[in-house]
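Listed here are the chains, written in short residue letters.
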Amino acid sequence: ADCRYTCHQECRSLIQLDCRRPGPWQSQLSPESTLLPPCSQNATQTVEEEKPEPPTIQEIKQRIEKYNAKVTNCLLMKLNEDGTYTGFIKVHLKLRRPVTVPAGIRPQSIYDALKEVNLAEMTDKRTSFYLPLDAIKQLHISSTTTVSEVIQGLLKKFMVVDNPQKFALFKEMRKDGQVLFQKLPLTEYPLYLRLLAGPDTDVLSFVLKENETGEVEWDAFSIPELQNFLMILDKEEKDKIQQVHRKYERFKQRLQQTLKEARGKPG
């Protein structure tokens, strides 16, 4: 009442204040007037978020029918008898760093794919190269396929032998003219997200990027990869130095031209 300290009623017994002498600017308020109604959440307890119940087969069926009605190509979703479903997702590859692949290996043929032949295991030689920027890969997956399995599947298709932990799958959303990225947990199901968002990739799309954890785990890279990083950094440094030189060289030329033109003018 004296110092106008405000707290919840259920916290009152935990508060100890020494304000016996009110100042002349403080009004005498009753203790009850400083109490707020009981809070719905106790300060000493944490409220667990209620997880939404999984959709029923009937709800999934309705969503799939609604989804397929919007599809403009043949990439439809199909419901299985056990309640699972299959469909297609497109993943944009936006990798800024080179990936490691087996050296001297021919592209995978249809025969290899059917026989599940792993060409990457046929040689110990490795080389690095940049994947095409913003390449798009289409995957046929199930509703039980996780983000971790999608990443591993993409790396296998491109015969990338890098550690899958170096990569992460993001969902890209467009809202109010802005592009938003959100990293997906490894246990998330991309096809379910696709089903909820609909087939429009402008609403939701998937992007494979480097797993930026803030702290680079250098132990996860091989010696050739680390040497490649040094070469890339050295090239970027030289390019940056040349850009600075060209910038100030143009500035120097304009300045000399201005001085030359000013010499023939009075004043």
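The rules behind these values
Residues numbered from 1 in each chain as written. Predicted model: local features only at pLDDT ≥ 70, side-chain atom pairs only at ≥ 80, totals over all residues. Heavy atoms only, no water. Helix = DSSP H or I, 4+ residues; strand = E, 2+ residues; numbered from the N terminus. Contact = heavy atoms within 4.5 Å. Areas by Shrake-Rupley, 256 points an atom, 1.4 Å probe, with all protein chains shown as cover. Buried < 20%, exposed > 50% of the residue type's maximum accessible area, 1.4 Å probe, protein only. Expected span 1.5 Å × (residues − 1). Core = buried A, V, L, I, M, F, W, Y, C linked by side-chain atoms within 4.5 Å. Patch = residues over 30% accessible without salt bridge, like charges linked within 9 Å, V, L, I, M, F, W, Y side chains within 5 Å. Salt bridge = Lys/Arg side-chain N within 4 Å of Asp/Glu carboxyl O. Polar contact = N/O pair within 3.5 Å; in protein donor to acceptor, adjacent residues only side chain to side chain. Phe/Tyr/Trp six-rings, centres within 6.5 Å; stacked < 30°, edge-to-face > 60°. Lys NZ or Arg CZ within 6 Å of the ring centre and 35° of its normal. Arc of directions from axis to C-beta.

A. Geometry of the overall build of the chain. Across its full length, the chain carries five helices and ten strands. Restricting the contact set of the chain to residue pairs at least 6 apart, pairs at least 24 apart contribute 67%. Entry remark: accessible area of the chain is about 20100 Å², with carbon and sulfur atoms responsible for 52%.

B. Spatial organisation of unusual backbone geometry. Although it is not a glycine, Met159 adopts a positive phi angle of roughly 55°. Within the secondary structure layout, Met159 lies in the loop between helix H3 (147-157) and strand E8 (167-175). For Met159, a relative accessible area of 18% translates into the label buried.

C. Structural detail: helix H5 (residues 223-263). Helix length check: H5, at 41 residues, gives a terminal C-alpha distance of 60 Å against a target of 60 Å (1.5 Å per residue), a fit within 8%. Each element contacted by the buried residues of H5 is listed here: strand E5 (99-102).

D. Fine view of the nonpolar core. Counting 30 residues, the largest nonpolar core has Ile89, Val91, Phe167, Leu169, Phe206 and Leu208 as the members making the most contacts within it. Elements with a minimum of two residues in this core: helix H1 (57-70), strand E4 (85-93), E5, strand E7 (135-142), H3, E8, helix H4 (190-197) and strand E10 (205-210). Among the elements that take part in this core, H3 stands out by supplying five residues, more than any other. The contacts of Leu169, once residues within four sequence positions are left out, are Val91, Val147, Val150, Ile151, Gln182, Lys183, Leu184, Pro190, Phe206, Val207 and Leu208.

E. Representation of a nonpolar patch on the surface. Together, Val244, Tyr248, Phe251, Leu255 and Leu259 make up an exposed nonpolar region whose accessible area comes to about 500 Å². Relative to the assigned elements, Phe251 resides in helix H5.

F. Spatial organisation of the side chain of Asn211. Looking at the secondary structure, you find Asn211 in the loop between E10 and H5. On the basis of relative accessibility, which here comes to 19%, the residue Asn211 falls in the buried class. Within the local environment of Asn211, its side chain forms a polar contact with the backbone oxygen of Gln165, the two atoms lying 3.1 Å apart. Polar contacts involving the side chain of Asn211 include one to the side chain of Lys183, which spans 2.6 Å.

G. Spatial organisation of the packing of aromatic side chains. Counted according to the given criterion, the structure contains zero aromatic pairs. Here the basic side chain of Lys137 rests over the ring of Phe158, its NZ or CZ set 5.8 Å away from the ring centre.

H. The pattern of salt bridges, seen in detail. Taken as a whole and assessed by the stated rule, the structure comprises five salt bridges. With a closest N to O distance of 3.5 Å, Glu172 and Lys94 form a salt bridge. Taken as a pair, Glu172 in strand E8 and Lys94 in the loop between E4 and E5 lie far apart in primary sequence, 78 residues in all. For Glu172, a relative accessible area of 5% puts it in the buried group. Judged by relative accessible area, which is 26%, Lys94 ranks as partly exposed. A salt bridge links Arg174 to Glu172, with the nearest nitrogen and oxygen atoms 3.2 Å apart. Among the charged side chains, a network of salt bridges with common partners joins Lys94, Glu172 and Arg174.

I. Structural detail: the environment of Phe181. Tracing the backbone through its elements, the reader meets Phe181 in strand E9 (residues 178-183). Judged by relative accessible area, which is 37%, Phe181 ranks as partly exposed. Between the C-alpha atoms of Phe181 and Val207, which are 26 residues apart in sequence, the distance is 8.7 Å. Once residues lying within four places of it in the same chain are set aside, the contact partners of Phe181 are Lys94, Phe170, Lys171, Glu172 and Val207.

J. Representation of the environment of Pro102. Mapping Pro102 onto the fold places it in strand E5. For the pair Pro102 and Ser128, spaced 26 residues apart in the sequence, the C-alpha separation amounts to 8.5 Å.

K. Summary view of H1. When the terminal C-alpha atoms of H1 are compared, their 20 Å separation across 14 residues agrees well with the 20 Å that a helix rising 1.5 Å per residue should span. By the burial criterion, the buried members of H1 are Ile60, Ile64 and Tyr67. Taken around the axis of H1, the buried residues stretch over an arc of 65°, which confines them to a single face. Of the exposed residues in H1, the ones pointing more than 90 degrees away from its buried face are Lys66 and Ala69.

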